[in-house]
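Commentary on secondary and tertiary structure
The residues making up each chain are set out below.
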Amino acid sequence: MPIWQKRILLLLTLLFALIWGVTLYSIGIQTTADSVAYLTSALALFVEGKIWLSPLWPPFYPFLVFLFTTITAYPTKAAAIVSALSFGLILFSLQQIATKIFVFLKKRISLLCC
């Protein structure tokens, strides 16, 4: 795959992540039992400096929300930023995997045709 196509795919991936982030930032995130626990844990770390660990949820997400809360001062806005970044990383990873599969299949098909 030529480098210009890779750059276009990367730009599209970043554009989708940016749109997702702006959407979440403007309308807010939905709250479920999981998200309330994550935000409570991040807020406790931000306000009290205490880490609340739960055996049901991984501690890295509340820590990321805490890091972005130090920038935005609002855990819900920080969660939207973390969600947008996660979405962008997922899109980028899927794009990389799809590119490798496409190149592999293209080589296999060209070998079969010749």
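To be clear, the structure that these remarks concern was listed above.
Residues numbered from 1 in each chain as written. Predicted model: local features only at pLDDT ≥ 70, side-chain atom pairs only at ≥ 80, totals over all residues. Heavy atoms only, no water.

1. Brief notes about the overall build of the protein
Heads up, the rule is: The helix and strand labels rest on DSSP assignments: H or I over at least four residues marks a helix, E over at least two residues marks a strand, and numbering proceeds from the N terminus. Only protein chains enter the accessibility calculation, which uses a 1.4 Å probe; a residue is then buried when its area is under 20% of its type maximum, exposed when over 50%, and partly exposed in between. In this description, contact between two residues means that some pair of their heavy atoms is separated by no more than 4.5 Å. Residue burial considers only the protein chains on display, and all accessible areas are found by Shrake-Rupley using a 1.4 Å probe.
Looking only at helices and strands, the protein features four helices and zero strands. Counting from the amino terminus, helix and strand elements in the protein follow one another as α-α-α-α. Expressed as a percentage of the 114 residues in the protein, the buried residues total 22%. Within the protein, contacts between residues separated by at least 24 positions form 49% of all contacts whose residues are at least 6 apart in sequence. Looking at the protein as shown, the accessible area adds up to about 8400 Å², and 75% of this sits on carbon and sulfur atoms.

2. Quick word on the environment of Gly21
Summarising the element assignment, Gly21 is placed in helix 1 (residues 3-27). Residue classification places Gly21 among the buried positions, given a relative accessible area of 14%. Measuring from C-alpha to C-alpha, the distance between Gly21 and Phe87 comes to 8.6 Å, with 66 residues separating the pair along the chain.

3. Here's the deal with unusual backbone geometry
One non-glycine residue, Ala73, lies in the positive phi region at around 70°. By secondary structure assignment, the location of Ala73 is in the loop between helix 3 (60-72) and helix 4 (75-113).

4. Things to note about the environment of Pro58
Mapped onto the elements, Pro58 comes out in the loop between helix 2 (33-47) and helix 3. Looking at Pro58, the relative accessible area reads 47%, which means it is partly exposed. Separated by 20 residues in sequence, Pro58 and Tyr38 place their C-alpha atoms 9.2 Å apart.

5. Some words on the side chain of Gln95
Mapping Gln95 onto the fold places it in helix 4. Using a relative accessible area of 10% as the deciding quantity, one classes Gln95 as buried. Not counting the four nearest positions on each side in its chain, Gln95 is found in contact with Leu9 and Thr13.

6. Observations concerning helix 3
So the rule is basically this: What a helix should span is 1.5 Å times the count of its residues minus one. Within this analysis, the arc is defined by the directions that extend from the helix axis to the C-beta atoms.
Under the 1.5 Å per step criterion, the end-to-end length of helix 3 is 18 Å for 13 residues, consistent within 8% with the ideal 18 Å. Inspection of helix 3 places Pro62, Val65, Phe66, Thr69 and Thr72 among the buried residues, and these make up the whole buried set. Angular distribution of buried residues about the axis of helix 3 spans 130°; they occupy a single face of the element. Turned more than 90 degrees away from the buried face of helix 3 sit Phe60 and Ile71, all of them exposed. Directly after helix 3, the chain includes Ala73, whose backbone phi takes a positive value near 70°.

7. Brief notes about the nonpolar core
In plain terms, the rule: For this analysis, a nonpolar core means a set of buried residues of the types Ala, Val, Leu, Ile, Met, Phe, Trp, Tyr and Cys, connected via side-chain atoms within 4.5 Å.
Counting residues in hydrophobic clusters, the biggest one holds eight residues: Leu39, Ala42, Leu45, Val65, Phe66, Ala78, Ala79 and Val82. Residue assignment for this core shows that the elements contributing at least two residues are helix 2, helix 3 and helix 4.

8. Focus: helix 1
The end-to-end C-alpha distance of helix 1 is 36 Å, a good match for the 36 Å that 25 residues give at a rise of 1.5 Å each. Burial in helix 1 covers these residues: Thr13, Ala17, Gly21 and Leu24.

9. Things to note about a nonpolar patch on the surface
Put simply, the rule is: Each patch groups residues whose relative accessible area exceeds 30% and which form no salt bridge, using 9 Å between like charges and 5 Å between nonpolar side chains of Val, Leu, Ile, Met, Phe, Trp and Tyr. We define a salt bridge as a side-chain nitrogen of Lys or Arg found within 4 Å of a carboxyl oxygen belonging to Asp or Glu.
A cluster of nonpolar side chains, namely Ile3, Trp4, Ile8, Leu12, Leu15, Phe16, Leu18, Ile19 and Val22, defines an oily patch on the protein surface of about 900 Å² accessible area. On the basis of relative accessible area, Ile3 is assigned to the exposed category, the value being 53%.

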